[in-house]
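For reference, the chains in residue letters:
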Amino acid sequence: MMIDLRSDTVTKPTPQMLEAMLNAKVGDDVFEEDPTVIQLEETAAKMFGKEAGLYCPSGTMTNQIAIKAVTESGTEVICEKGSHVYYYEGGGIMSNSGASVKLIEGNRGRITADDVIKNINADNVHFPESRLVVLENTANRGGGSCYNLEDMQSIAAACKTHNLFLHLDGARIFNASIAKNYSPSDIGKCFNSISVCLSKGLGAPVGSVLLGDKGLIKKARRIRKVFGGGMRQAGYIAAAGLYALNNHINRLVDDHKKQTHRINFKIM
Ligand SMILES: *Cc1c(COP(=O)(O)O)cnc(C)c1O
């Protein structure tokens, strides 16, 4: 058997996950009537101590919606130079939100509260208005590096002081929480919005959830529709994500043990 190590996205559902998909109760999610999608959104939100969630087709979409919800043309996003939101999302910050980007050279994809503070623009007509900070945990181009809880907390405090929104690209947040031994609710307290991928190490075929307070998610739902991400009987795929949240998080412990033997390959 060949094992494809290009990415943790190259997965297929287990028989149990497929069974959960087949048995899903569904409705039209654009009318907010799909019980499985609602259950997935509520389950994910509760884990991170957030008020609400929004199921989307991809992590690119959850990130781009989160950015668009709090920025506008003439504002600026602060992030690390290899951030997925900047490097791998086709220039979406510019084309979707018209926002500028301030890039920080971090340590394997991670930045510090000091980096954030130094990169906030002065309130002066020459500069775009600093509005949002995005962290990535684990950091993809950092080769899976992850933040300590205290560092995220310091950045969150700096953002609060300086009136900046803070978004987490948590495509692989459970890998970080397991490796560093902090809980999703510890993480939830630091961020205004969080994107979590169900289709990476968790093994669902598709989907990501965006988490935040009710006001943010209401706005995000509008933006999702404009982006073409309003789905109908999405419960069939949401069931796989829900199954993954309920059954596959602890499986990452095994993955991490195997990673000890990992050869060097380019991580996408
Ligand atoms: C994979 C990934 C995403 C989202 O990717 P999609 O393929 O659009 O689901 C976002 N951020 C990071 C760090 C990722 O690795």
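In this report, the structure presented in the accompanying data block is examined. (Residues numbered from 1 in each chain as written. Predicted model: local features only at pLDDT ≥ 70, side-chain atom pairs only at ≥ 80, totals over all residues. Heavy atoms only, no water.)

Re the packing of aromatic side chains
Aromatic rings in a pair are described by how distant their centres are and how their planes are angled relative to each other. So the rule is basically this: Paired rings are identified among Phe, Tyr and Trp, the last through its six-membered ring, by centres lying within 6.5 Å, and are further divided according to the angle between planes into stacked (under 30 degrees), edge-to-face (over 60) and tilted (the rest). The secondary structure listing takes helices from DSSP runs of H or I that are at least 4 residues long and strands from runs of E that are at least 2 residues long, numbered from the N terminus. Whether a residue is buried, partly exposed or exposed follows from its accessible area with a 1.4 Å probe, protein chains only, as a fraction of its type maximum: under 20%, in between, or over 50%, in that order. Only lysine NZ and arginine CZ atoms are considered, and such an atom sits over a ring when it is within 6 Å of the ring centre and within 35 degrees of the ring normal.
This structure, assessed with the given rule, holds two aromatic pairs. Between F48 and F174 the ring centres are 5.7 Å apart and the planes differ by 55°, which places this aromatic pair in the tilted class. Remark: F174 occurs in helix 8 (residues 173–180) and F48 occurs in the loop between helix 2 (35–47) and strand 1 (52–56); sequence separation between them is 126 residues. The same class applies to F48 as to F174, namely buried. With 4.9 Å between their ring centres and 85° between their planes, Y87 and Y88 make a pair best called edge-to-face. Since its relative accessible area comes to 43%, Y87 is described here as partly exposed. The ring centre of Y87 lies 3.9 Å from the NZ or CZ of R141, which sits over that ring. The ring of F31 carries R232 above its face, with NZ or CZ at 5.9 Å from the centroid.

Side note on empty space enclosed by the protein
This is how it is decided: Any residue with an atom within 4 Å of a point lines the site, the site being either a cavity, points on a 1 Å grid over the protein atoms alone where a 1.4 Å probe fits but cannot get out, or a pocket, an open set with protein on both sides within 12 Å along at least 5 of 7 lines. Grid points are joined across faces, edges and corners, and a volume is the space filled by probe spheres set on the points.
On inspection of all chains with the given rule, the structure shows one cavity of 30 Å³ or more. Space inside the largest cavity adds up to approximately 60 Å³. Around the largest cavity, the lining residues are A171, R172, F174, N175, C197, K200, G201, L202 and L252.

Some remarks on the packing of helix 3 (residues 59–70) against helix 10 (residues 214–226)
This is how the line gets drawn: Between the N-to-C directions of two axes lies an angle of 0 to 180 degrees, each axis being a line fitted to C-alpha atoms and, for a helix, fitted only over the stretch in contact. Two helices that cross are described as forming a left-handed crossing if the nearer one is turned anticlockwise from the farther one by less than a right angle, and a right-handed crossing if clockwise. Contact between two residues is taken to exist if any of their heavy atoms lie within 4.5 Å; hydrogens are not considered.
In the contact formed by helix 3 and helix 10, the axes pass within 9 Å of each other and the chain directions differ by 115°. Regarding helix 3 and helix 10, the two cross each other, and that crossing is right-handed. Across the interface between the two elements, M61, I65, K68, A69 and V70 of helix 3 pack against L216, K219, A220, I223 and R224 of helix 10.

With respect to the sheet that holds strand 6 (residues 193–197)
To be explicit about the condition: Two strands qualify as a pair provided DSSP detects at least 2 bridges between them.
Pairing is mixed across the open sheet formed by seven strands, whose spatial order is 1-7-6-5-4-2-3. The open sheet has two free edges, formed respectively by strand 1 and strand 3 (100–104), since each of these has just one partner strand. Pairs of neighbouring strands in the sheet enclose a mean axial angle of 20°, with direction left out of account. Relative to strand 5 (residues 165–170), strand 4 (residues 129–136) runs parallel, the two being bridged by five bridges. For V133, the partnering residue across the bridge sits in strand 5 and is L166. Relative to strand 1, helix 10 is tilted by about 20°, and along the sheet it contacts strand 1, strand 6 and strand 7 (208–212).

Remarks on the environment of M1
As for its position among the elements, M1 is in the segment before helix 1 (15–22). Classification of M1 as exposed rests on a relative accessible area of 96%.

Side note on the nonpolar core
Threshold: To qualify as a nonpolar core, a set must consist of buried Ala, Val, Leu, Ile, Met, Phe, Trp, Tyr and Cys residues joined through side-chain atoms within 4.5 Å.
With 52 residues, the main nonpolar core has Y55, V133, L135, M152, I155, F174 and F191 as its most contacted residues. Of all the elements, helix 11 (residues 235–247) adds the most residues to this core, at seven residues. If you look at the next biggest cluster of nonpolar residues, it comprises 21 residues, including I67, V77, A220 and I223.

Focus on the site of the ligand
Let me state the cut-off plainly: Residues are classed as near a molecule or strand on a simple rule: at least one heavy atom within 4 Å of it. Pairs of N or O atoms are called polar contacts if they sit within 3.5 Å, as long as, within protein, a hydrogen donor faces a hydrogen acceptor (for residues adjacent in sequence, only side-chain-to-side-chain pairs). A 1.4 Å probe and the Shrake-Rupley method give the accessible areas. Residues count as covered only by the protein chains that appear here. Charged residues are taken to be Asp, Glu, Lys and Arg, nonpolar residues to be Ala, Val, Leu, Ile, Met, Phe, Trp, Tyr, Cys and Pro, and polar residues to be all remaining types, Gly included.
Taken together, S58, G59, T60, N63, H84, E89, E136, N140, D169, A171, R172 and K200 make up all the residues around the ligand. Contact distances for the ligand include 3.0 Å between an oxygen atom and a side-chain N or O atom of N140. Between an oxygen atom of the ligand and a side-chain N or O atom of K200, the distance comes to 3.0 Å. In isolation the ligand exposes 380 Å². Once the protein is present, 84% of that is buried. Residue composition of the shell around the ligand, by class: one nonpolar, six polar and five charged.

A few points about the pairing of strand 1
Counted residue by residue, strand 1 has five buried out of five residues, so it is predominantly covered. Residues A52, L54 and C56 of strand 1 are buried on one face, and the alternating residues G53 and Y55, pointing to the opposite face, are buried as well. Strand direction decides the pairing type here: strand 1 and strand 7, joined by five bridges, are antiparallel. The residue of strand 7 that forms the bridge with Y55 is V209.

Some points on a nonpolar patch on the surface
Rules: Residues enter a patch when their relative accessible area is above 30% and they make no salt bridge; the linking distance is 9 Å between like charges and 5 Å between nonpolar side chains (Val, Leu, Ile, Met, Phe, Trp, Tyr). Within this document, salt bridges are pairs made up of a side-chain nitrogen of Lys or Arg and a carboxyl oxygen of Asp or Glu, the two lying within 4 Å of each other.
A surface patch of nonpolar side chains, about 440 Å² in accessible area, is lined by M1, I3 and L5. Counting through the fold element by element, L5 comes out in the segment before helix 1. L5 sits in the exposed class, given a relative accessible area of 51%.

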